[in-house]
2 protein chains.
Amino acid sequence: MARTPRNTLSSDLVVRTALELMEAKGADGFSLRGVAGELGVGPMALYTYFRNKDDLYDAIRDHLMGLMPPPPEGLPWPDQVRSVCRDLRVLMLQHPCLAQLLASRPLSGHETARVAEGLLSVLRSAGFEPEIAARTHTTLFTYVLGATTWEIQMAAEQSDPDSLRRLRASMESLSSRDFPTVIELAPELARTTGGETQFDYGLDLLLAGLTVRTAS
Amino acid sequence: MARTPRNTLSSDLVVRTALELMEAKGADGFSLRGVAGELGVGPMALYTYFRNKDDLYDAIRDHLMGLMPPPPEGLPWPDQVRSVCRDLRVLMLQHPCLAQLLASRPLSGHETARVAEGLLSVLRSAGFEPEIAARTHTTLFTYVLGATTWEIQMAAEQSDPDSLRRLRASMESLSSRDFPTVIELAPELARTTGGETQFDYGLDLLLAGLTVRTAS
DNA sequence: ACCTGAACACCGTTCAAGT
DNA sequence: ACCTGAACACCGTTCAAGT
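Residues numbered from 1 in each chain as written. Chains lettered and ligands numbered in written order. Predicted model: local features only at pLDDT ≥ 70, side-chain atom pairs only at ≥ 80, totals over all residues. Heavy atoms only, no water.

A.B. asks: Now, about the environment of Leu205(B): what can you tell me, with residues and values included?
C.D. replies: With respect to the element layout, Leu205(B) can be found in helix α11 (residues 196-215). Those residues in contact with Leu205(B) that lie beyond four places of it in its chain are Thr139(A), Leu205(A), Leu206(A), Gly209(A), Leu210(A) and Arg213(A). (Helix = DSSP H or I, 4+ residues; strand = E, 2+ residues; numbered from the N terminus. Contact = heavy atoms within 4.5 Å.)

The structure is reproduced here in structure tokens:
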């Protein structure tokens, strides 16, 4: 908007402006040209600070990961793990674009490494061997990613009355001969597409599985 | 490519052409104009069969879900559940675009309902109450979605030598004072970004958790 | 180093029109 | 119903140039 004079741009300002735009217009409506327009510069000005769009995405992701609190200290390890996973879910809900940024790009950057360090060190301190700690870390991360991505997507869909109407229509077109269980459980399925209870249900299954593993 | 005369188009032909294009050029390179070009028609010809791009996406997803085999019969329920989850992972690996199609759109369509019916009926037959069956279904689905999306994305990244080089560089720039565990477990983390062993590890944690639950 | 401006090769979708 | 053609309002990125 405002004509920005020379040498007032910085990679940090670009990231913050990009993040604002992404949360205002959604990950789909986001564009480099939009960011440039918001900053009052030409689209090519951004290429001074980022090699391309993906490079900017990485920077936004790392910026958001910087908002993750460290794991709580002085608790049993299952509670520490639960806390980290819940914090990541909450951060993703607060910044829905983070889901796409995490899923589509490999983890890199300082803040992202800090979050990984936190969870991995909890697992190592709990006595997990290197390979099991790594496998558990990946399992927990991908669960949070999948569960919360799904939750965000379904919430977005349900806030659009048009697509919600079409979804109901497609549900009702299903024959109760062919799909008796889907029809029977339709209310329960609608209720379990998100929410903290659903998230904790899956997380506690994983933690229960881990507890069994460590006991033997 | 070929000039298609009138009345030779059909929604099924459009879906199959779109799927081919999506697997040849990747989900990013995919476009309605590309599909139309491949069919030798103008872009607007597709709007006779689909309301918009998302509508076509839904049709492609349902087409792919039609390739899912039914759950195996005559096995203990944990083996049935494992089989369905593994089948979905394999299908996603064979058709990488399915990951994005599942994550970005709500589940609708006949074939998608059939897959849900299969897993839900396994859970109900195993004695799960309606709400627990629904929660378990969502948990399993989101785990497979998250784990396999991650696996596909990391495989794509590692096949690009340029981004692999930059990833290694960013790993080596991490100080071993600040990130001792990440550095220590770097080889294990690289090994656990995908593969059947990693997938089964998380899946078995969930199943172990479910077994504990049903026993009590 | 930092930024502009024009250009290239694209998008999805609307609208009016033709058969 | 089925499809065309022109138009609208966009994209990311390259390239040459200016300060």
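A.B. asks: Please set out helix α11 (residues 196-215) of chain A residue by residue, giving values where relevant.
C.D. replies: With 20 residues, α11(A) should reach 28 Å at 1.5 Å per residue; the first-to-last C-alpha distance of 28 Å fits that figure. Regarding α11(A), the residues found buried are Gln198(A), Phe199(A), Asp200(A), Tyr201(A), Gly202(A), Leu203(A), Leu205(A), Leu206(A), Leu207(A), Gly209(A) and Leu210(A). (Expected span 1.5 Å × (residues − 1). Buried < 20%, exposed > 50% of the residue type's maximum accessible area, 1.4 Å probe, protein only.)

A.B. asks: Quick rundown of the UniProt feature "domain: HTH tetR-type" (unreviewed entry) in chain A? Include the residues and the values.
C.D. replies: In the numbering adopted here, UniProt assigns the feature "domain: HTH tetR-type" (unreviewed entry) to residues 8-68 of chain A. Helix makes up 66% of residues 8-68 of chain A and strand 0%, whereas the separation of the span's terminal C-alpha atoms amounts to 29 Å. (UniProt positions renumbered as here; feature names shortened; annotations may be inferred.)

A.B. asks: Just give me the short version of the relation of the copies chain A and chain B, but keep the residues and values in it.
C.D. replies: Of the two same-sequence chains, chain A is brought onto chain B (RMSD 0.0 Å, axial shift 0.0 Å) by a rotation of 180 degrees. Taken together, these values place the two copies in the relation of a two-fold axis. The position closest to the rotation axis in chain A is occupied by the C-alpha of Gly146(A), lying 1.9 Å away. Both copies present the same face, since 100% of the interface residues in chain A are matched by interface residues at the equivalent positions in chain B. (Least-squares fit on C-alpha atoms with pLDDT ≥ 70 in both.)

A.B. asks: Quick rundown of the interface of chain A and chain B? Include the residues and the values.
C.D. replies: Every contact between the two is made by 64 residues of chain A and, on the other side, 64 residues of chain B. When residues of chain A are sorted by the area they lose upon contact with chain B, Arg135(A), Trp150(A) and Tyr201(A) head the list and together hold 13% of the total. Our count for the chain A to chain B interface comes out at seven salt bridges. In this structure, the connection of chain A to chain B is made through 16 residue pairs in polar contact (both at pLDDT 80 or more). (Buried area = accessible area lost by both parts, 1.4 Å probe. Salt bridge = Lys/Arg side-chain N within 4 Å of Asp/Glu carboxyl O. Polar contact = N/O pair within 3.5 Å; in protein donor to acceptor, adjacent residues only side chain to side chain.)

A.B. asks: Kindly report on the protein's contact with DNA strand C, identifying the contributing residues and their values.
C.D. replies: Of all residues adjacent to DNA strand C, which total 18 residues, the nearest are Gly42(A), Tyr49(A), Arg33(B), Met44(B) and Tyr47(B). Considering DNA strand C, the proportion of its atoms within 4 Å of the protein that are sugar or phosphate atoms stands at 59%. One of the side-chain N or O atoms of Tyr47(B) is found 2.8 Å from a phosphate oxygen in DNA strand C. Within the backbone of Lys53(B), one N or O atom sits 3.1 Å away from a phosphate oxygen of DNA strand C. Tallied by class, the residues present in the surface near DNA strand C amount to eight nonpolar, five polar and five charged. (Near = heavy atom within 4 Å. Nonpolar A, V, L, I, M, F, W, Y, C, P; charged D, E, K, R; others polar.)

A.B. asks: Tell me about the packing of helix α4 (residues 77-94) of chain B against α11(B), and name the residues and values.
C.D. replies: All names here are of chain B. The geometry of α4 relative to α11 is characterised by a closest axis approach of 11 Å and an angle of 150 degrees between their N-to-C directions. Considered as vectors, α4 and α11 are oriented roughly antiparallel to each other. Every pair of crossing elements has a handedness; the one defined by α4 and α11 is right-handed. Residues Trp77, Pro78, Val81, Arg82, Cys85, Arg86 and Arg89 of α4 pack against Glu196, Phe199, Asp200, Leu203, Asp204, Leu207, Leu210 and Thr214 of α11. (Axes fitted to C-alpha atoms, helices over the stretch in contact; angles between N-to-C directions. Parallel < 35°, antiparallel > 145°, perpendicular 65-115°, else oblique. Left-handed = near helix turned anticlockwise from the far one by under 90°.)

A.B. asks: Could you give an account of the side chain of Thr139(A), with specific residues and numbers?
C.D. replies: Structurally, Thr139(A) is set in helix α7 (residues 130-158). Contacts of Thr139(A), omitting those with residues within four sequence positions, involve Leu206(A), Tyr143(B), Gln198(B), Tyr201(B), Gly202(B) and Leu205(B).

A.B. asks: Can you lay out the packing of helix α3 (residues 53-65) of chain B against helix α6 (residues 110-125) of chain B for me, pointing to particular residues and giving the numbers?
C.D. replies: All names here are of chain B. Where α3 contacts α6, the axes come no closer than 7 Å and their chain directions differ by 45 degrees. In terms of their interaxial angle, α3 and α6 are classed as oblique. Read as a crossing pair, α3 and α6 show a hand that is left-handed. From α3, Arg61, Asp62 and Met65 reach across to α6, where they touch His110, Glu111, Thr112, Arg114 and Val115. Partitioning the contact of α3 with α6 into residue classes produces two nonpolar, two polar and four charged.

A.B. asks: Account for the pattern of salt bridges, with residues named and values stated.
C.D. replies: A full pass over the atoms with the stated rule returns 33 salt bridges over all chains. Between Arg191(A) and Glu131(B) there is a salt bridge, with the nearest N and O atoms lying 2.7 Å from each other. Taken as a pair, Arg191(A) in helix α10 (residues 186-191) and Glu131(B) in helix α7 (residues 130-158) lie in two separate chains rather than in one. Residue Arg191(A) is classed as partly exposed on the basis of its relative accessible area, which comes to 48%. Of the residues examined, Glu131(B) reaches a relative accessible area of 30% and is grouped as partly exposed. In this structure, Asp204(B) and Arg82(B) form a salt bridge, with 2.3 Å as the shortest nitrogen-oxygen distance. Remark: Arg82(B) occurs in helix α4 and Asp204(B) occurs in helix α11; sequence separation between them is 122 residues.

A.B. asks: Lay out the environment of Ser173(A) in plain terms, naming residues and giving numbers.
C.D. replies: All names here are of chain A. For Ser173, the position within the fold is in the loop between α8 (161-172) and α9 (180-184). Residue Ser173 is classed as exposed on the basis of its relative accessible area, which comes to 56%. The sequence separation of Ser173 and Tyr201 amounts to 28 residues, and the corresponding C-alpha distance is 30 Å. Of the polar contacts made by the side chain of Ser173, one reaches the backbone oxygen of Ser170; its length is 2.9 Å.

A.B. asks: Explain the packing of aromatic side chains to me, and be specific about the residues and the numbers.
C.D. replies: Residues and elements named next belong to chain A. The tally for this structure, following the rule as stated, stands at eight aromatic pairs over all chains. With a centroid separation of 5.3 Å and an interplanar angle of 90 degrees, the aromatic rings of Trp77 and Phe128 are classed as edge-to-face. One end of the pair, Trp77, is in helix α4 (residues 77-94); the other, Phe128, is in the loop between α6 (110-125) and α7, with 51 residues separating them in the sequence. In terms of burial, Trp77 and Phe128 fall into one category: buried. (Phe/Tyr/Trp six-rings, centres within 6.5 Å; stacked < 30°, edge-to-face > 60°.)

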